[in-house]
Amino acid sequence: MPPRQLSTTSGDYCTSNPPDVRQYLRTYGLTPPAVESFEVQAQRCLRLLAMKPTPIEKYQYLTHLRATNVHLFYRLLSENIKDLTPLIYTPTVGEACVRWHEIFTQPEGVYLSWHDRGNLRNILHNWPHKVEITVLTDGSRILGLGDLGVNGMGIPVGKLALYTACAGIRPDATLPLTLDLGTNNQALREDPLYMGARMPKVSAEEEREFLDELMEALTEQWPGIVIQFEDFKNPFPALERYQNTYTMFNDDVQGTGAVIVGGFINAVKASGVPAKDHRAVFLGAGSAGVGVAKQIVEYFIKEGLTEEEARRKFWFVDSHGLVTLDRGDKLAEHKVYFARDDNNGRQYQSLARLIDFVKPTILMGLSTIGGAFNRDILQKMAKLNDRPIIFPLSNPSSKSECTFEEAVRHTEGRCLFASGSPFPSMEFGGKLLTPGQGNNMYVFPGIGLGAIISKAVSVTQDMIYASAESLSTSLNKQEVADGWLYPDIRRIRDVSVIVTRGVIRAAQKNGVDRVTELRNLSDAELDAYIKERMYDPFNERENVSDEVAQLLATASGMNGHASGYTNGYTNGEVNTAAAHL
Ligand SMILES: NC(=O)C1=CN([C@@H]2O[C@H](COP(=O)(O)OP(=O)(O)OC[C@H]3O[C@@H](n4cnc5c(N)ncnc54)[C@H](O)[C@@H]3O)[C@@H](O)[C@H]2O)C=CC1
Ligand SMILES: CC(=O)C(=O)O
Ligand SMILES: [Mg+2]
């Protein structure tokens, strides 16, 4: 039998492989002799990471680790999720995207270009794995950093790493996908290192045609695939067009809405102000702002308000001022629902003046304007409320409307706070205060896993809302006692099980589930089923790929369990391998 092609990605050269596995793989002698435990490997990885002086260098090291030893990467990530998430996701992924054309070393997903149209299905054939979920961007609004064209690939890569780490979707079942439909970022187009089409972004109509072909191609290639849209400048047309025909959702509109409602339900309880008495000022009326407000409307309705009462609790500000019906410009369709008609011809002067006028209990930032919640604004909120709700949600950290420290200091430690990107805990008034992270990473893994496990034909609004409600109930006693709005990120896998269960139950209620036998399971049984389904890098078979594990299992007459490797092999193939000692 010819020597098997060794895989660098799945740990064929892993230093934890015992001698008999090395013999079988013919890597015996090709790695240092010691057989290492995960603890030792992790110690080396963390030391290497510490040697990298900047976040982007740490990002590059982690990218390299994922590409060369995927299970070790996910072991390390799951053991150090709080410390490593900021390095593979926001804020560092923002810098990685800005500099993607400079730091690119290896392919990590699929790129589909405008000139590939008509041929998309054939290109998808080139991806060697069976895909359960894809994250798809056109790069046109990457975090709060604007149009980054194909540099946006860092976002699908980062989001999917979290799908694996947080919800246990197998890494080889995930597909990062970036559309190369041109970019309006002229500096990038003119940069010799840029790796996408050097043309302006195609029209909305052309993008729609392209997406029509893509959605069909993805679903034909991998029936049941879940498709997450991410960081599109204008995500609404695709969401409307595909949400009832494909298993898809938009993370920025729906995932963000859900995660903020999840934390908001807890903030309203902590504020002591009944839902009916809240008023919200939103800085930023884009996809995320409107997505969040729409789902808070749903929450207010569940709390007993009429839709009209709920809708009128919002005042939106965008780059043209207060969103009003009489503003004189043509309002984008998604803003009309929240546009005010009670401003009596008056327009916006400043955020401070609007706060004086509205007297809000809630201040949300989804504007991409770093520092917009300045001392004056924060002090006003503190004066108006015992527990002002302050959520500066723009990413990355440089775009956050304020920092945790600023919010705490200028509200005398009374604010109920969540930000899109992480901030450190701080001491104030003799207490350790910990910020909430209102980032869709708390829900999209569970939405995706719930849709995959139930084989949902579509992702309904009830499934999205269920993710929010489930998240709000996922805090443990200590977190509730400490007044946290979101659970500790270190418990994210447990949280994802709760979110996944909620999503599956909503799919069942809506009748969009295709695995109907799950309907008969109790909640405890369903949780066990979800956990069983989750990829656990610690249970991977001694770091070898499925293919090798299968061969070894066959060789040893076992079912692919790790213990098989340390027992001797008796069949001829293994003995032949051993002969290469
Ligand atoms: N925390 C989280 O989980 C999430 C955070 N976000 C963040 O939210 C931000 C916005 O995202 P999208 O809504 O998708 O972007 P978008 O581009 O659709 O919306 C941005 C909005 O901000 C407004 N704006 C811009 N300059 C302004 C100014 N000077 N004053 C007032 N408003 C201004 C724009 O008019 C627009 O309404 C981004 O930074 C993004 O990273 C987005 C999704 C999830
Ligand atoms: C978190 C996220 O999805 C965003 O900032 O766009
Ligand atoms: Mg996003």
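Residues numbered from 1 in each chain as written. Chains lettered and ligands numbered in written order. Predicted model: local features only at pLDDT ≥ 70, side-chain atom pairs only at ≥ 80, totals over all residues. Heavy atoms only, no water.

Enquirer: What's the story with the overall build of the chain in this structure? I'm lost.
Expert: The number of helices and strands found in the chain is 26 helices and 14 strands. A principal-axis box enclosing the C-alpha atoms of the chain has dimensions of 90 × 55 × 55 Å. For the chain, the proportion of its 581 residues judged to be buried stands at 58%. Pairs at least 24 residues apart make up 70% of the contacts formed inside the chain by residues separated by at least 6 positions. (Helix = DSSP H or I, 4+ residues; strand = E, 2+ residues; numbered from the N terminus. Buried < 20%, exposed > 50% of the residue type's maximum accessible area, 1.4 Å probe, protein only. Contact = heavy atoms within 4.5 Å.)

Enquirer: Help me out: how do you make sense of the site of ligand 2 in this one?
Expert: In the region of ligand 2, the neighbouring residues are Tyr89, Arg141, Leu143, Lys159, Glu230, Asp231, Asp251, Asp252, Asn395, Asn439 and Asn440. At 3.0 Å from an oxygen atom of ligand 2 is found a side-chain nitrogen or oxygen belonging to Asp231. In the complex, the protein chains occlude 90% of the 220 Å² of accessible area that ligand 2 would expose alone. Per-class residue counts for the shell around ligand 2 are two nonpolar, three polar and six charged. (Near = heavy atom within 4 Å. Polar contact = N/O pair within 3.5 Å; in protein donor to acceptor, adjacent residues only side chain to side chain. Areas by Shrake-Rupley, 256 points an atom, 1.4 Å probe, with all protein chains shown as cover. Nonpolar A, V, L, I, M, F, W, Y, C, P; charged D, E, K, R; others polar.)

Enquirer: Can you help me understand the sheet that holds strand β1 (residues 110–113) in this one?
Expert: Reading across from one edge, β1-β3-β2-β4-β5 is the order of the five strands in this open sheet, with parallel pairing throughout. Only two strands of the sheet have a single partner each, and these edge strands are β1 and β5 (248–250). Direction aside, neighbouring strands of the sheet carry axes that sit 25 degrees apart on average. In terms of strand pairing, strand β2 (residues 133–137) meets strand β3 (residues 174–180) through five bridges, oriented parallel. Opposite Thr134, over in β3, you have Leu175 as the bridge partner. The strands that helix α13 (residues 251–271) touches are β4 (226–229) and β5; relative to β5, the one it contacts most, it runs at about 75 degrees. Packed onto the sheet, helix α20 (residues 444–454) meets β2, β4 and β5 and runs at close to 155 degrees relative to β4. (Pairing = 2+ DSSP bridges. Axes fitted to C-alpha atoms, helices over the stretch in contact; angles between N-to-C directions.)

Enquirer: I tried to follow the site of ligand 1 on my own but got confused; where do I start?
Expert: Around ligand 1, the structure places 26 residues, and the nearest of them are Arg141, Lys233, Ala285, Ser287 and Gly438. Here Arg141 contributes a side-chain N or O atom positioned 2.7 Å from an oxygen atom of ligand 1. For ligand 1, an oxygen atom lies 3.4 Å from a polar atom in the backbone of Ser367. With the chains in place, 87% of the 870 Å² that ligand 1 exposes on its own is no longer accessible.

Enquirer: What am I meant to see in the coordination of the magnesium ion (ligand 3) here?
Expert: Coordination angles at a metal have ideal targets, namely 109.5 degrees for four tetrahedral donors and 90 or 180 degrees for six octahedral donors. Taken together, Glu230 (OE), Asp231 (OD) and Asp252 (OD) make up the protein donors of the magnesium ion (ligand 3), found 2.0 to 2.1 Å from the metal. On the primary sequence, the residues serving as donors to the magnesium ion (ligand 3) are separated as E-D-x20-D. Here Asp252 lies in helix α13 and Glu230 lies in the loop between β4 and α12 (236–242), a separation of 22 residues in the sequence. We classify Glu230 as buried; its relative accessible area is 1%. (Donors = N, O, S within 2.8 Å, 3.2 Å for Na, K, Ca; no water.)

Enquirer: Even after reading the chapter, I still don't get the pattern of salt bridges, so can you show me in this structure?
Expert: If charged atoms from side chains of opposite charge come close, those side chains can pair. Following the criterion strictly, the structure yields 34 salt bridges and no others. As a salt-bridge pair, Asp342 and Arg340 come within 2.7 Å of each other at their nearest N and O atoms. We classify Arg340 as buried; its relative accessible area is 5%. With a closest N to O distance of 2.9 Å, Asp488 and Arg490 form a salt bridge. (Salt bridge = Lys/Arg side-chain N within 4 Å of Asp/Glu carboxyl O.)

Enquirer: Would you take a moment to explain the pairing of strand β10 (residues 389–392) for this structure?
Expert: Strand residues, when the strand is regular, have side chains that alternate between the two faces of the sheet. Judged by which residues are buried, β10 turns out to be covered on both faces: Ile389 and Phe391 on one side and Ile390 and Pro392 on the other are all buried. Pairing geometry for strand β9 (residues 362–365) and β10, over four bridges, is parallel. Residue pairing in the sheet places Ile362 in a bridge with Ile389 of β10. Viewed along the sheet, the connection from β9 through helix α18 (residues 375–384) into β10 turns out right-handed. Following the backbone out of β10, through helix α19 (residues 404–410) and into the adjacent parallel strand β11 (residues 416–419), one traces a crossover that is right-handed. (Right-handed = clockwise from strand over helix to strand, strands pointing away.)

Enquirer: Would you mind going over the confidence of the model for the chain with me for this structure?
Expert: Note: predicted coordinates in regions of low pLDDT should not be interpreted at a detailed level. For the chain, per-residue confidence averages 92 on the pLDDT scale, and 91% of positions sit at 70 or higher. Throughout residues 557–581 the model reports pLDDT below 50, and contacts reaching past four residues in sequence, or to other chains, amount to 41 contacts. For this predicted complex, the interface confidence comes out at an ipTM of 0.99, alongside a pTM of 0.93. (pLDDT = per-residue confidence, 0-100.)

Enquirer: Before we go on, may I ask you to explain helix α24 (residues 523–533) in this structure?
Expert: Owing to its 3.6 residues per turn, the α-helix aligns residues three or four sequence positions apart on the same side. Among all positions in α24, only Leu526, Asp527 and Ile530 are buried. Looking down the long axis of α24, one finds its buried residues gathered within 100 degrees of arc, a one-sided arrangement. Residues Ala524 and Glu532 are exposed on α24 and point more than 90 degrees away from its buried face. (Arc of directions from axis to C-beta.)

Enquirer: Would you mind going over the sheet that holds strand β7 (residues 314–318) with me for this structure?
Expert: Strands belonging to one sheet form pairs held by backbone hydrogen bonds; the direction of such a pair is parallel or antiparallel. Pairing is mixed across the open sheet formed by seven strands, whose spatial order is β8-β7-β6-β9-β10-β11-β14. Both outer strands of the open sheet, β8 (321–322) and β14 (436–437), are each paired with one neighbouring strand and no more. Against the sheet, helix α14 (residues 287–302) contacts β6 (280–283), β7 and β9, and its axis sits at roughly 180 degrees relative to β7.

Enquirer: Is there a simple way to think about the packing of helix α4 (residues 70–79) against helix α5 (residues 81–88) in this case?
Expert: Between α4 and α5, whose axes approach to 6 Å, the crossing angle comes to 115 degrees. On the side of α4, the interface is formed by Phe73, Leu76, Leu77, Ser78 and Glu79, while α5 contributes Ile81, Leu84, Thr85 and Ile88. When the residues that make up the contact of α4 with α5 are grouped by side-chain class, the tally is six nonpolar, two polar and one charged.

Enquirer: Please explain unusual backbone geometry as it appears in this structure.
Expert: Glycine aside, negative phi is the norm for most residues, and most peptide bonds take the trans geometry. At the junction of Thr90 and Pro91, the peptide bond is cis and its omega measures out at 10 degrees in the coordinates. Tracing the backbone shows Pro91 in the loop between α5 and α6 (92–98). Despite not being glycine, Asn344 shows a phi value in the positive range, around 50 degrees. For Asn344, the location among the structural elements is in the loop between α16 (333–336) and α17 (351–358).

Enquirer: Even after reading the chapter, I still don't get the packing of aromatic side chains, so can you show me in this structure?
Expert: Describing an aromatic ring pair means giving the distance of the ring centres and the angle of the ring planes. By the definition in use, this model includes 20 aromatic pairs. Ring centres 6.2 Å apart and planes at 50 degrees place the aromatic pair Phe300 and Phe314 in the tilted group. Within this pair, whereas Phe300 is found in helix α14, its partner Phe314 is found in strand β7, the two being separated by 14 residues in sequence. An identical accessibility class is assigned to Phe300 and Phe314; each is buried. A centroid spacing of 5.3 Å and a plane angle of 15 degrees characterise the contact between Tyr442 and Tyr486, whose relative ring orientation is stacked. With a gap of 44 residues between them, Tyr442 in the loop between β14 and α20 and Tyr486 in the loop between α22 (477–481) and α23 (492–510) connect regions that are remote in the sequence. For the pair formed by Tyr442 and Tyr486, the shared burial category is buried. (Phe/Tyr/Trp six-rings, centres within 6.5 Å; stacked < 30°, edge-to-face > 60°.)

Enquirer: How should I be thinking about the packing of helix α9 (residues 154–167) against α23 in this particular structure?
Expert: Helix packing for two helices is described by the angle between their axes and how far apart those axes are. As a packed pair, α9 and α23 sit with axes 7 Å apart at the nearest point and diverge in direction by 90 degrees. Viewed along their axes, α9 and α23 adopt a mutual orientation that is roughly perpendicular. Side by side, α9 and α23 meet where Thr164, Ala165, Cys166 and Ala167 of the first sit next to Ile492, Arg493 and Ser496 of the second. Each residue belonging to the contact of α9 with α23 can be placed in one class, and the counts come to four nonpolar, two polar and one charged. (Parallel < 35°, antiparallel > 145°, perpendicular 65-115°, else oblique.)

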